[in-house]
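# Inside the fold
Here is how the chains run, residue by residue.
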Amino acid sequence: MSCDERLSQRFFRFRRCLDQHVFLWFARPCDNAAAQYLRKEGWVQFVVLAGGRGSRLGELSKNQPKPMLPVCGRPVVHRVLDHAVGHGFRDFVVALGYKAQIVRDYFDGARDLEHAADARHADRAPSALPHVLSLDTGADASKVERLLALEPHLRKETFVLSYCDGLSDIDLNAMLKFHAAHGGLMTVAAVHGRERFGVLDLDGSRLSGLREKQIDPDRWINGGVFVVEPAVFDLLHAGQTDWETGAVQELIARGQAFAYRHPGWWECVDRPEDLPFVEDAFLAATRGASA
């Protein structure tokens, strides 16, 4: 029996178990049976950039890569994939880099990717085993360099791009529909973020108030989740070397960039002091979803 035939048998054997658990493994060179099935079924690819050094995390990223920072007992990158699986995504491409082998070893041992069924996404109910292709794109590569390294593994179709350090309850399917309706080349999730510093209210020289790390409902920031058209790679090949300050700015200038406003919860693991806020928000969202 060929490798593809064995993988195909394994792929379909577990499909009936998917109402409780889905099983996740990092792609080996011979596991294209699952990838071919997902391509045939038209699954939108979900790309995760998970290769940065996380230098702002200080000692926390000295011995482990940023994607492996635990959020309520599981690495943050696992939580990102959990969220996507819960919205029906099954075809993942992950760009690794700094300490890539640690991430690979984790998923080799963990394998299972749990998700809670959500009635809002019944049209994307679990029907296929997730396929995750992980590629080491270099410890010091930029976002653009990582995307260019992934390009040969992406179909010439719309895909979702996510950073690995942000957690939220963004409705990914609604975001895809928004993107399709507006016809741009890129849509970014606009979210509300906490102020990093306490805000002082002053009455002349008198301190009248202190608002500690609150969320400003009138302030929208980059949520690190994008819907992208393959034509964006033309900009990257044309010499845009930075994602946010280069390619995205060019798309804005061309009128090809849109923002999907997400008023719900969003938190990012960027500095050590962010972790308590991320875990509190995640636990609150989990309790709300199970209520």
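Residues numbered from 1 in each chain as written. Predicted model: local features only at pLDDT ≥ 70, side-chain atom pairs only at ≥ 80, totals over all residues. Heavy atoms only, no water.

## A short note on helix 6 (residues 172-182)
The periodicity of an α-helix, 3.6 residues per turn, causes residues three or four positions apart to be oriented the same way. Three or more residues of helix 6 are buried, namely L172, N173, M175, L176 and H179. All buried residues of helix 6 fall inside an arc of 160° around its axis, so they share one side. With respect to the buried face of helix 6, the exposed residues turned more than 90 degrees away are K177 and A181. Of the surrounding secondary structure, the elements contacted by the buried residues of helix 6 are strand 2 (45-50), helix 3 (76-86), strand 8 (159-163), strand 10 (186-191), strand 13 (221-228) and strand 14 (257-262). Once helix 6 finishes, G183 follows within two positions and takes phi at roughly 70°, a positive value. (Buried < 20%, exposed > 50% of the residue type's maximum accessible area, 1.4 Å probe, protein only. Helix = DSSP H or I, 4+ residues; strand = E, 2+ residues; numbered from the N terminus. Arc of directions from axis to C-beta. Contact = heavy atoms within 4.5 Å.)

## Details of the sheet that holds strand 5 (residues 91-96)
Reading across from one edge, 7-5-2-8-13-10-14 is the order of the seven strands in this open sheet, with mixed pairing throughout. Edge positions in the sheet fall to strand 7 (131-136) and strand 14, since each of these pairs with one other strand and no more. When strand polarity is set aside, the average angle formed by the axes of neighbouring strands in this sheet is 25°. Across six bridges, strand 10 lies against strand 14 in parallel orientation. Bridge pairing in strand 14 links V191 to H262. (Pairing = 2+ DSSP bridges. Axes fitted to C-alpha atoms, helices over the stretch in contact; angles between N-to-C directions.)

## Comments concerning the pattern of salt bridges
Summed over all chains, the structure comprises 11 salt bridges. Across the salt bridge formed by D270 and R56, the nearest N and O atoms sit 2.9 Å from each other. Residue D270 is found in the loop between strand 15 (266-268) and helix 9 (275-290), and its partner R56 is found in the loop between strand 2 and strand 3 (70-71); the two are separated by 214 residues along the sequence. With a relative accessible area of 9%, D270 lands in the buried category. The salt bridge involving R254 is made with E250; its shortest N-O contact spans 2.9 Å. What makes E250 partly exposed here is its relative accessible area of 27%. The network of salt bridges with shared partners includes R56, K66, D165, D270 and R271. (Salt bridge = Lys/Arg side-chain N within 4 Å of Asp/Glu carboxyl O.)

## Considering the confidence of the model for the protein
In the predicted model, the protein carries a mean pLDDT of 79, and 70% of its residues have values of at least 70. In this model residues 3-30 is a low-confidence stretch, pLDDT under 50, and it forms 58 contacts with partners more than four residues away in sequence or in other chains. With pLDDT under 50 throughout, residues 114-127 is counted as low confidence; its partners more than four residues away or in other chains account for 28 contacts. (pLDDT = per-residue confidence, 0-100.)

## Description of the nonpolar core
Counting residues in hydrophobic clusters, the biggest one holds 41 residues, and the most contacted among them are F46, V48, F89, F92, L167, I170 and V269. Ranked by residue count, the leading element in this core is helix 3, at six residues. With 25 residues, the next largest nonpolar core counts L49, L147, L154 and F159 among its residues. (Core = buried A, V, L, I, M, F, W, Y, C linked by side-chain atoms within 4.5 Å.)

## Quick word on the packing of aromatic side chains
Aromatic ring pairs: the centre-centre distance and the angle between the two ring planes describe each pair. All chains considered together, the criterion is met by six aromatic pairs. Aromatic side chains F178 and Y260 sit 5.6 Å apart centroid to centroid with 65° between the ring planes, which places their arrangement in the edge-to-face category. Remark: Y260 occurs in strand 14 and F178 occurs in helix 6; sequence separation between them is 82 residues. Judged by centre distance (5.5 Å) and plane angle (85°), the ring pair of F226 and W243 falls under edge-to-face. In this pair, F226 is assigned in strand 13 and W243 in helix 8 (residues 243-253), connecting sequence segments 17 residues apart. Grouping residues by exposure puts F226 and W243 together as buried. (Phe/Tyr/Trp six-rings, centres within 6.5 Å; stacked < 30°, edge-to-face > 60°.)

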